[in-house]
Amino acid sequence: MSLNEHAKRVYNVAPDPVLLTFADGETHEFEIESTEFFQEDFQGEAARVDDDADYRLVTDGDDLVVGRNAGDGWATFGVVTDVARA
């Protein structure tokens, strides 16, 4: 198994802001607070300038998934389909 392509891109761009595009077509800018790989697994924490919620980025099989916590528990925000430098 190899490292997730989108996770590698986030890792390489951090700590600079990234634009994440999701499976639903939405694109949001995230400020990356931390990133790390555990062998092939990726985990990161991020924030959005237009939202006070906490965000986590994790690899789930072949996908990079973003979770959101606005104080009422974690929920899936979306699956990343593209990563670009903001």
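Report follows, based on the coordinates.

Time to look at a negative patch on the surface. On the surface, Glu29, Glu31, Glu33 and Asp54 cluster together into a negatively charged patch. If one sorts the elements of the negative patch by residue count, strand S2 (residues 27-38) sits on top with three residues. The residue glutamate 31 is located in strand S2 in this model. Accessibility expressed as a relative area gives 37% for glutamate 31, which makes it partly exposed.

A full pass over the atoms with the stated rule returns seven aromatic pairs. Considering the side-chain rings of tyrosine 55 and phenylalanine 77, the 5.3 Å spacing of their centres and the 85 degrees angle between planes classify their relative orientation as edge-to-face. Highlighted residues: tyrosine 55 in strand S4 (residues 51-60) and phenylalanine 77 in strand S6 (residues 74-85), separated in sequence by 22 residues. When its relative accessible area of 1% is taken as the criterion, tyrosine 55 is described as buried. Within the aromatic cluster, the residues linked to one another by ring pairs are Phe22, Phe30, Tyr55 and Phe77.

Attention now moves to the side chain of threonine 21. When you line up the elements, threonine 21 lands in strand S1 (residues 18-22). For threonine 21, the side chain forms a polar contact with the side chain of threonine 27, separated by 3.0 Å. Those residues in contact with threonine 21 that lie beyond four places of it in its chain are Glu26, Thr27, Val79, Val80, Thr81 and Asp82.

A few words now on the nonpolar core. Counting residues in hydrophobic clusters, the biggest one holds 17 residues, and the most contacted among them are Val10, Leu20, Phe30 and Leu57. Within the residue set of this core, elements represented by two or more residues are helix H1 (5-13), S1, S2, strand S3 (41-48), S4, strand S5 (63-69) and S6. Ignoring any residue separated from it by four or fewer positions in sequence, one finds leucine 20 in contact with Val10, Glu26, Thr27, His28, Phe30, Leu57, Val66, Val80, Asp82 and Val83.

Bringing the sheet that holds S2 into the picture now. Strand order around the closed barrel formed by six strands is S1-S2-S3-S4-S5-S6, with antiparallel pairing between neighbours. Ignoring which end each strand starts from, the neighbouring axes of this sheet average 45 degrees apart. Relative to S6, S5 is paired through five bridges, and the arrangement is antiparallel. Within S6, the residue paired with valine 66 across the bridge is glycine 78. Across the face of the sheet, H1 comes into contact with S1, S2, S3, S4, S5 and S6 while running at roughly 70 degrees to S6.

Reading guide: rules and limits
Residues numbered from 1 in each chain as written. Predicted model: local features only at pLDDT ≥ 70, side-chain atom pairs only at ≥ 80, totals over all residues. Heavy atoms only, no water. Patch = residues over 30% accessible without salt bridge, like charges linked within 9 Å, V, L, I, M, F, W, Y side chains within 5 Å. Areas by Shrake-Rupley, 256 points an atom, 1.4 Å probe, with all protein chains shown as cover. Salt bridge = Lys/Arg side-chain N within 4 Å of Asp/Glu carboxyl O. Lys, Arg positive; Asp, Glu negative; His and termini not counted. Charge placed at Lys NZ, Arg CZ, Asp CG, Glu CD. Helix = DSSP H or I, 4+ residues; strand = E, 2+ residues; numbered from the N terminus. Buried < 20%, exposed > 50% of the residue type's maximum accessible area, 1.4 Å probe, protein only. Phe/Tyr/Trp six-rings, centres within 6.5 Å; stacked < 30°, edge-to-face > 60°. Polar contact = N/O pair within 3.5 Å; in protein donor to acceptor, adjacent residues only side chain to side chain. Contact = heavy atoms within 4.5 Å. Core = buried A, V, L, I, M, F, W, Y, C linked by side-chain atoms within 4.5 Å. Pairing = 2+ DSSP bridges. Axes fitted to C-alpha atoms, helices over the stretch in contact; angles between N-to-C directions.

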